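# Understanding the architecture of this molecule
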Amino acid sequence: MSHLEPEAKIFACSQSVHLAEQIAKEYGIPLGKATMSRYSDGEYQPSYEESIRGLRVFIVCSTFPNADNLMELLLMIDAAKRASARHITAVMPYFGWARQDRKDKPRVPIGAKLVAKLLETAGATRIMTMDLHADQIQGFFEKPVDHLFASTIFLPYVNSLGLENLTIASPDMGGSKRAYAYSKFLESEVVICYKQRKAANIIDTMELIGEVKGKNVILVDDMIDTGGTLAKAADLMIDKGALSVRAICTHAILSGSAYEKIENSKLVELIVTDSIPLKKESKKIRVVSCAPLFAEVMYMVHHNNSISGKFLM
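As annotated in an unreviewed UniProt entry, the chain carries the name ribose-phosphate diphosphokinase and comes from Flavobacterium nackdongense. Its UniProt record gives the chain the following Catalytic activity (unreviewed entry) comment, quoted word for word: "D-ribose 5-phosphate + ATP = 5-phospho-alpha-D-ribose 1-diphosphate + AMP + H(+)".

Further remarks concern unusual backbone geometry. For the bond running from Pro 65 to Asn 66, omega is 10 degrees, close enough to zero to count as cis. Along the polypeptide, Asn 66 turns up in the loop between strand S4 (56-60) and helix H2 (68-82). Even without being a glycine, Asn 165 presents a positive backbone phi close to 50 degrees. At Glu 187, a position not held by glycine, the phi torsion is positive, near 55 degrees. Locating Glu 187 in the fold gives a position in the loop between helix H5 (176-186) and strand S9 (189-199).

This brings us to the sheet that holds strand S5 (residues 87-92). The 5 strands lie next to each other as S1-S4-S5-S6-S7, forming an open sheet whose pairing is parallel. What marks the edges here is a single partner per strand, and that holds for strand S1 (8-12) and strand S7 (145-148). Taken over all neighbouring pairs, the strand axes of this sheet differ in orientation by 15 degrees on average, direction set aside. By the bridge criterion, 5 bridges tie S1 to S4 in an arrangement that is parallel. Directly across from Phe 11, in S4, lies its bridge partner Ile 59. Packed on one face of the sheet, H2 meets S1, S4 and S5 and runs near 165 degrees to S5. Its contacts with the sheet place helix H8 (residues 291-302) against S1, S4, S5, strand S6 (126-130) and S7, and it is angled at close to 155 degrees to S6.

Okay, the environment of Phe 11 next. Structurally, the position occupied by Phe 11 is in strand S1. Spatially, the C-alpha atom of Phe 11 lies 11 Å from that of Ile 88, the residues being 77 residues apart in sequence.

Bridge count for strand S2 (residues 34-38) against strand S3 (residues 44-48) is 5 bridges, and the pairing is antiparallel. When the bridges of S3 are listed, Ser 37 appears paired with Gln 45. If you look at the hairpin formed by S2 and S3, you'll find 5 residues sitting between the two strands, and Gly 42 has a positive phi there, around 105 degrees.

Membership of the largest hydrophobic core comes to 40 residues, with the highest contact counts inside it found for Ile 10, Ile 23, Met 128, Phe 294 and Met 298. Among the elements that line this core, the one with the most residues is H8, at 8 residues. Counting only domains with at least three residues in this core, you end up with domain 1 (9-148) and domain 2 (151-289). If we ignore the near neighbours within four places in the chain, the residues touching Ile 23 are Ile 10, Val 60, Ala 291, Phe 294, Ala 295 and Met 298. Residues Phe 11, Ile 52, Val 115 and Ala 116 belong to the second largest nonpolar core, which totals 33 residues.

This part is about the pattern of salt bridges. Inspection of the entire model under this criterion finds 11 salt bridges. Note that Asp 78 and Lys 81 form a salt bridge whose closest N and O atoms lie 3.6 Å from each other. With Asp 78 and Lys 81 both in helix H2 and 3 residues apart, this pair spans about one turn of that helix. A relative accessible area of 36% places Lys 81 in the partly exposed class.

We now examine helix H3 (residues 111-122). In an α-helix, one full turn covers 3.6 residues, which means residues spaced three or four apart are oriented alike. When the terminal C-alpha atoms of H3 are compared, their 16 Å separation across 12 residues agrees well with the 16 Å that a helix rising 1.5 Å per residue should span. Taken residue by residue, H3 has Gly 111, Ala 112, Val 115, Ala 116, Leu 119, Glu 120 and Ala 122 as its buried positions. Gly 123 sits one or two positions beyond H3 and adopts a positive phi of about 130 degrees.

Attention shifts here to the domain arrangement of the chain. Partitioning the chain into domains gives domain 1 (9-148) and domain 2 (151-289). Distance between the C-alpha centres of domain 1 and domain 2: 28 Å. Contacts between the two partners involve 12 residues from domain 1 and, on the opposite side, 13 residues from domain 2. It is Tyr 94, Arg 99 and Asp 131 in domain 1 that bury the most area against domain 2; as a group they hold 43% of the surface buried on that side. One salt bridge in this structure joins Lys 177 and Asp 135, with 3.2 Å as the shortest N-O distance. Run the count over domain 1 and domain 2 and you get 7 residue pairs in polar contact (both at pLDDT 80 or more). Tallied by class, the residues present in the side of domain 1 that touches domain 2 amount to 6 nonpolar, 3 polar and 3 charged.

Rules of the game
- Numbers given to residues run from 1 along each chain, matching the order in which its sequence is written.
- Only residues with pLDDT of at least 70 are given local features in this predicted model, and only at 80 or more are side-chain atom pairs given and counted; all residues enter the totals for whole chains, interfaces and linings.
- To get the side-chain values, all heavy atoms of the structure are used, and hydrogens and water are removed first.
- UniProt positions are given in the numbering used here, feature names are shortened, and annotations may be inferred rather than shown by experiment.
- For helices the rule is a DSSP run of H or I covering at least 4 residues; for strands it is a run of E covering at least 2, with both sets numbered from the N terminus onward.
- In this analysis, strands are considered paired if DSSP registers two or more bridges between them.
- A fitted line through C-alpha atoms represents every axis, and for helices the fit uses only the stretch in contact; the resulting angles, taken between N-to-C directions, go from 0 to 180 degrees.
- We call two residues in contact when some of their heavy atoms are within 4.5 Å.
- In this text, buried Ala, Val, Leu, Ile, Met, Phe, Trp, Tyr and Cys residues form a nonpolar core when linked through side-chain atoms within 4.5 Å.
- Three labels apply to residues, based on accessible area from a 1.4 Å probe with only protein chains included: buried if under 20% of the type maximum, exposed if over 50%, partly exposed otherwise in between.
- Bear in mind that the domain bounds are from an automatic or database domain assignment.
- A carboxyl oxygen of Asp or Glu within 4 Å of a side-chain nitrogen of Lys or Arg is what we treat as a salt bridge.
- Working rule for helices: expected span equals 1.5 Å times residues minus one.
- Computed with a 1.4 Å rolling probe, the buried area is the accessible surface lost when two parts are put together, summed over both parts.
- Here a polar contact means two N or O atoms within 3.5 Å. Within protein one must be a hydrogen donor candidate and the other an acceptor candidate, and residues neighboring in sequence count only if both atoms are side-chain atoms.
- Put simply, Ala, Val, Leu, Ile, Met, Phe, Trp, Tyr, Cys and Pro go in the nonpolar bin, Asp, Glu, Lys and Arg in the charged bin, and everything else, Gly too, in the polar bin.

This is the structure we're talking about:
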């Protein structure tokens, strides 16, 4: 009897099909066949159209709002478990609800913890994600978590720009660790924006800690939602004498009037990954694909190889 390594197959949820196709192409296998049946009331049911018994299954799904994406992933995981898949890896380039990683006021949920429990209950045996909003979310899981860093794909692009007098900036105090990590590899200075909010997504005041006069600045953040913080930070830095301001944001949520804010801001460009598909194109937005990174790590995980070399931060 042969003891061959179980085959790996890659499947996708509805909103992440394009990314999953790119990952499968980089991996070197065709995207698995799955269908989605929908009822008139909005209920839906995924179905695998090929056998996955005894195999390692990778399910690619970014769980950006609305909740349909998360529910579809949970159903896909449950279906894989009931179809006797040996390993079920939830590949979540963007991990939704990550901003709810703690109780910051009374009588609120810890949404990230709830999502972790839902994924494990559904049957996920491994989680693969990128640039979590808070690193401690990994501790919400009892299963292995591969937390990848988009710096692996962003840093080569930044180096290709050949910018002189480069300074890395964090748009808030919470992102200072990320900014310092980038500055270490780019051998640059760091500045930090200090902001106070009136409410979620509404900035009251913003001040700059550090010197940007005569500098080419790159703002670094894990996500961009309404775009208000980055637009305000870019305008502030140009007013303070910066030569240029660019922004690197892993997850392009871009809700509300975000596209208009970016277009009207003093940002030279916004560099994002394709963890979330863009709603529309913009001359200021450049997309760097994360598919090669995920494909390589998925291959290494499947063949039980170390992935430590993929971590630059």
